[in-house]
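# Understanding the architecture of this molecule
Residues per chain are reported as follows:
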Amino acid sequence: MKTFLAIIGSLYFLIAPGLALTLTFLKNIDWLDRLILSFTLSITVVPLVIIYLNLTGLLLTLPLAIISTAVIITISLLLRDAGVSSLR
Amino acid sequence: MPSQIQPGAAGKREINQYWLLLPLVILLVSRIIPFLHWPGVVPLGADAAAYLHNFESCFSNPSRNDCLSSPEITISNLLQLAGWSINGVLYGFYILSVVFVGLAVYLVTKEYFDRKAAITSLIIFSLSSSQFLAYFAFYWKMMLAMGLTLVSFYLIKKKTYLVIPVAGLMGSLHPLSFLPFGLAMIAQFIFGQNKKFIFISGTGILLIAFSINWQEFTNWLPYYTTSLGITKNFPTDLTEVFIGHFVNFSYYRQLILIYLPFAIINLVQIIWKRQANLIVFYFLANLLIIILNFIFHNRFIVLLDLAAIILAGRPVLDFINSLRWTWAGRLIISLLIFGLVTSFSYQLWSIEPFITDPEEINELKSLALTEKNSIALTNNRLYLPFLNAYSQRSVIELPLTRNNLVSYYSILDTYQQPIYLHLGEKTENNPELKNNRLFKQVSKHIWQYQGGNKK
């Protein structure tokens, strides 16, 4: 059960936010590129948000990590739906 | 079994993507072998113990000032919250980072050159002795920063501002890796196109990097303002510290003799065509830092090697393609591959961790069971991370020479007692300490100091 949760947690924190960002801002790339970029963007954007929250006094806890990641995913997908597809 | 080379849509022969699996398997297996070769000890560099200490202490006390804005601590805490064990974060994520760097080599070479060159570069990366040595030294932060740097190059080529968070975090995570990246960006701004994009993204990257880790940047500033950051200008006692913990440039040149000529061929071709190529700028920036002996210049060899591997991919492939049709050509190719594999296998099997005896690790751990107010003592700074990680006691480092024997005891007497001295296998034989009535041997590598005031 612990391993299963760790796998789900890893996919949620290390892939999902980056995947949402690449789906919004990077079109026409193959699946391997998307996988690498999903990991990269997840491992940078989520910690950045958490560090800035830490500096405002909000300490990292599991609920905070889950909520901030969910916000990143939601905003990315909302931007995608709104047709904002380029960060150039 | 599908053929290895398939006709592409445009009529060109395209390489099968399954070829990626070969270097990835080599990469994974070679990085796991040290764990099987050295069971029971910390199989990689001494930095592993230092990271273990930081990751554990910051997870149990996240409000500590130095934990709050540290990117590596945030990543570690996040992974631990996600259910990763401390060893998983320390070693599992580190191996994942190496695979990530490998895939980033593929990604960036594909973007700047082509897919076949990308697979060739990835194969060279997986068999590179210098990259293996970097992995073995346990550069946890640097490994992740290397991957982020390469993906940043990809995002710059794609002209997307997503590069800002990626390179921004890389800069705050590992300022050392940020220096050649920054220099390459400046060169791209001067010589390349899309100046507006480079300027805006560069400004954003700097803002993020400085806002998170301004303290580290300002810590290094005096070395650049007073000595231009060149180690030769430093006082003699600091020169040794600031050359950077990695192989020196002479040894490195021996390690990469097989692919360096190919990297130079590509470099010269690109410069000859007057193309503004970020990878070339990155290579030259690292080379400049190493030749001018900037702070930690030996560490930049790892980054120079990465750029060399990316540049070497295309010429190596052309070389193989031009030779593979003749018997002699195949022989030359086989000899080169044999040389690369042999050199890599030799490094893989001959390298030893700092502590090779599991019993010594257990002794270090046993210090955690001594009196709560005890102090761990070492006379070799290389053991500091291990003592910090395992003893769970205050640690002092006091180097012993024949000249400071008397003052040695008087300094020890100023500390809280009891003091436990650790003399590891890699420490010079210290008969002054080992055969001294003031030190009572507790175990093979631990002595208790018997002098001093009982405070």
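Residues numbered from 1 in each chain as written. Chains lettered and ligands numbered in written order. Predicted model: local features only at pLDDT ≥ 70, side-chain atom pairs only at ≥ 80, totals over all residues.

### Details of the overall build of chain B
Threshold: The helix count covers DSSP runs of H or I at least four residues long, the strand count covers runs of E at least two residues long, and both are numbered beginning at the N terminus. Two residues qualify as a contact pair if the distance between their C-beta atoms, derived from the backbone, is within 7 Å.
Looking only at helices and strands, chain B features 21 helices and seven strands. Sequence-distant contacts in chain B: of pairs separated by 6 or more residues, those separated by 24 or more amount to 70%.

### Quick look at the overall build of chain A
Note the following rule: With C-beta atoms placed from the backbone, a residue counts as buried when 20 or more other C-beta atoms lie within 10 Å of its own, as exposed when 12 or fewer do, and as partly exposed for counts between those limits.
What chain A contains, in helices and strands, is four helices and zero strands. Reading chain A from its N end, one meets helices and strands in the order α-α-α-α. Seen through its C-alpha atoms, chain A measures out along the principal axes to roughly 35 × 35 × 20 Å. Across the 88 residues of chain A, 40% fall into the buried class. Once local pairs closer than 6 in sequence are excluded, the contacts in chain A between residues at least 24 apart make up 61%.

### Topic: the nonpolar core
Residue and element names in this part refer to chain B. This is how it is decided: Remark: nonpolar core denotes a set of buried Ala, Val, Leu, Ile, Met, Phe, Trp, Tyr and Cys residues whose joining runs through C-beta atoms within 7 Å. Per the annotation, domain bounds derive from an automatic or database assignment of domains.
Ranked by size, the top nonpolar core spans 154 residues in total, and within it Ala-104, Val-105, Val-151, Val-166, Ile-279, Ala-307 and Ala-308 carry the most contacts. Counting the residues that make up this core, at least three belong to each of domain 1 (12-350) and domain 2 (358-449). Discounting chain neighbours no more than four positions away, the residues touching Ala-308 are Ile-256, Tyr-259, Leu-260, Ala-263 and Phe-283.

### Examining the pairing of strand 7 (residues 446-449) of chain B
Residues and elements named next belong to chain B. For the record, the criterion: Here, strands pair whenever DSSP counts at least two bridges between them.
Pairing of strand 5 (residues 419-422) with strand 7, which is carried by three bridges, proceeds in the antiparallel orientation. Residue pairing in the sheet places Tyr-420 in a bridge with Gln-448 of strand 7. Note: strand 6 (residues 439-441) against strand 7, three bridges, orientation antiparallel. Among the inter-strand pairings, Gln-441 is bridged to a residue of strand 7, identified as Trp-447.

### As for the interface of chain A and chain B
Spelled out, the test is: In the scheme used here, Gly and all other residues not listed as nonpolar or charged are polar, with Ala, Val, Leu, Ile, Met, Phe, Trp, Tyr, Cys and Pro taken as nonpolar and Asp, Glu, Lys and Arg as charged.
Listed per partner, the contact involves 31 residues of chain A and 28 residues of chain B. Taken together, the residues of the side of chain A that touches chain B sort by class into 23 nonpolar, five polar and three charged.

### Observations regarding helix 9 (residues 163-173) of chain B
Counted residue by residue, helix 9 of chain B has eleven buried out of eleven residues, so it is predominantly covered. Listing the buried residues of helix 9 of chain B in full gives Val-163, Ile-164, Pro-165, Val-166, Ala-167, Gly-168, Leu-169, Met-170, Gly-171, Ser-172 and Leu-173 of chain B.

### Quick notes on the domain arrangement of chain B
Taken domain by domain, chain B consists of domain 1 (12-350) and domain 2 (358-449). Partitioned by chemical class, the residues of the side of domain 1 of chain B that touches domain 2 of chain B number six nonpolar, two polar and one charged.

### Focus on helix 4 (residues 62-81) of chain A
Note the threshold: The length a helix should cover is 1.5 Å for every residue beyond the first.
When the terminal C-alpha atoms of helix 4 of chain A are compared, their 28 Å separation across 20 residues agrees well with the 28 Å that a helix rising 1.5 Å per residue should span. Taken together, the buried residues of helix 4 of chain A touch helix 1 (2-14), helix 2 (16-25) and helix 3 (31-55) of chain A together with helix 4 (71-81) of chain B.

### Considering the packing of helix 3 of chain A against helix 4 of chain A
Residue and element names in this part refer to chain A. This is how it is decided: Every axis corresponds to a line fitted to the C-alpha atoms, with the helix fit spanning only the stretch in contact, and the corresponding angles, defined between N-to-C directions, vary from 0 to 180 degrees. By definition in this entry, angles of less than 35 degrees are roughly parallel, angles greater than 145 are roughly antiparallel, angles of 65 to 115 are roughly perpendicular, and the rest are oblique. Crossing handedness: left-handed means the near helix sits turned counterclockwise from the far one by under a right angle, and right-handed means the same turn made clockwise.
For the pair helix 3 and helix 4, the least separation of the axes is 10 Å and the interaxial angle reads 125°. Of the possible angle classes, the one that applies to helix 3 and helix 4 is oblique. Where helix 3 crosses over helix 4, the handedness of that crossing is right-handed. Taking contact as the criterion, the partners of Val-45, Val-46, Val-49, Ile-50 and Leu-53 in helix 3 are, on helix 4, Leu-64, Ala-65, Ser-68, Thr-69 and Ile-72. By residue class, the composition of the contact of helix 3 with helix 4 is eight nonpolar, two polar and no charged.

### Notes on the sheet that holds strand 7 of chain B
Residues and elements named next belong to chain B. An order of 4-3-5-7-6 is seen for the five strands of this open sheet, with the pairing classed as mixed. Both edges of this open sheet fall to strand 4 (394-397) and strand 6, since each of them pairs with a single strand only. Between one strand and the next, the sheet's axes are offset by a mean angle of 30°, whatever the strand orientation. Two elements, strand 3 (residues 375-378) and strand 5, share four bridges in a ladder whose sense is parallel. Residue pairing for strand 5: Thr-378 is matched across the bridge by His-422.

### Topic: the confidence of the model for chain B
All names here are of chain B. The criterion, for reference: Looking at any residue, its pLDDT shows the predictor's confidence there, from 0 to 100.
Per-residue confidence for chain B gives a mean pLDDT of 83, with 86% of residues at or over 70. Note that residues 1-11 has pLDDT below 50 and, in this model, ten contacts with residues that lie over four places away or in other chains. Per the prediction output, this complex has pTM 0.85; the corresponding ipTM is 0.94.

### A short note on the environment of Gly-171 of chain B
Residue and element names in this part refer to chain B. By the secondary structure assignment, Gly-171 is in helix 9. Through-space distance from the C-alpha of Gly-171 to that of Leu-206 is 7.8 Å; in sequence the pair is 35 residues apart. When residues no more than four places from it in sequence are discounted, the contact partners of Gly-171 are Phe-178, Ile-205 and Ala-209.

### Brief notes about the environment of Thr-203 of chain B
In this fold, Thr-203 of chain B is placed in helix 11 (residues 195-227). With 35 residues separating them in the primary sequence, Thr-203 of chain B and Gly-168 of chain B have C-alpha atoms 9.7 Å apart.

### Concerning unusual backbone geometry
Residue and element names in this part refer to chain B. Phi at Asn-194 takes a positive value of approximately 55°, unusual for a residue other than glycine. In this structure, Asn-194 sits in the loop between helix 10 (175-191) and helix 11. Using a count of 15 C-beta atoms within 10 Å as the deciding quantity, one classes Asn-194 as partly exposed. Unusually for a residue other than glycine, Arg-274 sits at a positive phi of about 55°.

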